[in-house]
Amino acid sequence: MLLFSIILSACSSDETSSGNSDGGKKQDGKPYIAIISKGFQHQFWQAVKQGADKAAKEFDVTITFEGPESESQVDKQIEMLRAVLDKKPAALGFAALDSQASVPLLQEAKDKKIPVIAFDSGVEGDIPLATAATDSRAAAALAADKMAELIGQKGEIAVVAHDQVSKTGIERRDGFVDRIKEKYPDIKIVDIQYGGGDHLKSTDAAKAIMQAHPNLKGIFGTNEGSAIGVVNAVSELNKKDIVVIGFDSGKQQIDAIKSGLMAGAITQNPIGIGYETVKAAVDALNGKKVEKNIDTGFFYYDKSNIDDEEIKAVLYE
């Protein structure tokens, strides 16, 4: 019985220390900030993690950074969120795959006085104290202006978007479409397809668009996976006269721009997004005022400026 009691006590001690039952602190005694991204399959999220790690070191906090394998796995992300809340973090950083599906659990976090910082994709309602993100509408509008310029402000174009449920998916699609409709009456958007951010699905979507619309002049891909899918489709169907505008960075997009397969792309500041997410969480824990919307900026890059220092600082491979 004595031996059993000792073993039971040891097990109980391990569970407590590996979780987070002491006011949001890990074993090292530092505040624990849990961060859940939209995925891990794109280099973009690794760059966000790099920024989060930098801030964690600077502000002396412990973070975990995780996300589902694919940006279509909404249920998997919700499971991760449930598991993280059970560990009782001091604060939470969250990039929603579905801006509505996550609301009940995020409300639970708010009710438990856990500060929620949204990043990349916002969340419906007023639960997040702050959102660290690119102004996706403005960025996509710039992509539309570049597309219009490159096709002579007339002709048929299309969009391959990563989804229609996240705020980034909706805002990048609408920002692009609305700018074309408002400013370029001779440009017609003939199709919008969704590839789930997966480059293979996006390739198939782009091929279908090109085959259905032989006079197509351009395609906009709304994230890294979408853009690479479009590039692959253009290459495989030998439609290299089609203007491709992408979003985000990564080696494949950089190579496509340098080779001429892609005309240009919008780059965010993923390292800045990760850094500002952790910084906002730390400020919230320390009782400091946190800006509601933290604009982390964006740039358009192409062959002409891809090697500029300002651009190189926000590209990632």
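Provided above is the structure to which this section pertains.
Below, the structure is looked at part by part. (Residues numbered from 1 in each chain as written. Predicted model: local features only at pLDDT ≥ 70, side-chain atom pairs only at ≥ 80, totals over all residues. Heavy atoms only, no water.)

This part takes up the pattern of salt bridges. Evaluation of the coordinates by the stated rule reveals 20 salt bridges. Across the pair Arg-172 and Asp-120 runs a salt bridge whose closest N-O atoms are separated by 3.9 Å. Within this pair, whereas Arg-172 is found in helix H6 (residues 167-183), its partner Asp-120 is found in the loop between strand S4 (116-119) and strand S5 (130-133), the two being separated by 52 residues in sequence. For the pair shown, Arg-172 and Asp-120 are each scored as buried. As a salt-bridge pair, Asp-145 and Arg-179 come within 2.5 Å of each other at their nearest N and O atoms. Here Asp-145, found in helix H5 (residues 136-150), pairs with Arg-179, found in helix H6; they are 34 residues apart in sequence, far enough to count as distant. Here Arg-179 falls in the partly exposed class, since its relative accessible area comes to 25%. Where salt bridges share partners, they join Lys-38, Asp-120, Arg-172 and Asp-248 into one cluster. (Salt bridge = Lys/Arg side-chain N within 4 Å of Asp/Glu carboxyl O. Helix = DSSP H or I, 4+ residues; strand = E, 2+ residues; numbered from the N terminus. Buried < 20%, exposed > 50% of the residue type's maximum accessible area, 1.4 Å probe, protein only.)

So, about helix H7 (residues 199-212). Compared with an ideal rise of 1.5 Å per residue, which puts 14 residues at 20 Å, H7 spans 20 Å between its outermost C-alpha atoms and is within 8% of the ideal. In this structure, the buried residues of H7 make contact with strand S6 (155-161), strand S7 (187-194), strand S8 (216-221) and helix H8 (224-236). The N-capping residue of H7, defined by a side-chain oxygen 3.0 Å from the backbone nitrogen of Leu-200, is Asp-198. (Expected span 1.5 Å × (residues − 1). Contact = heavy atoms within 4.5 Å. Polar contact = N/O pair within 3.5 Å; in protein donor to acceptor, adjacent residues only side chain to side chain.)

All told, the structure shown has six aromatic pairs when counted by the stated rule. A centroid spacing of 6.0 Å and a plane angle of 65° characterise the contact between Phe-44 and Tyr-316, whose relative ring orientation is edge-to-face. Separated by 272 residues along the polypeptide, Phe-44 in helix H2 (residues 43-59) and Tyr-316 in the segment after helix H11 (309-312) bring together distant segments of the chain. Residue class for Phe-44 comes out buried when judged on its relative accessible area of 4%. (Phe/Tyr/Trp six-rings, centres within 6.5 Å; stacked < 30°, edge-to-face > 60°.)

This part takes up H6. Within an α-helix, residues lying three or four positions from one another point in the same direction, as the helix has 3.6 residues per turn. Compared with an ideal rise of 1.5 Å per residue, which puts 17 residues at 24 Å, H6 spans 23 Å between its outermost C-alpha atoms and is within 8% of the ideal. Those residues of H6 that are buried lie in contact with H5, S6, S7, S8 and strand S9 (243-247).

The six strands lie next to each other as S7-S6-S8-S9-S10-S12, forming an open sheet whose pairing is mixed. Each having just a single partner strand, S7 and strand S12 (299-302) make up the two edges of the open sheet. Averaged over all adjacent pairs, the angle separating strand axes in this sheet is 20°, with direction ignored. Examined bridge by bridge, S9 and strand S10 (residues 264-267) share three bridges and lie parallel to one another. Of the residues in S10, the one forming a bridge with Gly-246 is Ala-265. Packing of H5 onto the sheet brings it into contact with S6, S7, S8, S9, S10 and S12, and relative to S9 it is tilted by some 165°. (Pairing = 2+ DSSP bridges. Axes fitted to C-alpha atoms, helices over the stretch in contact; angles between N-to-C directions.)

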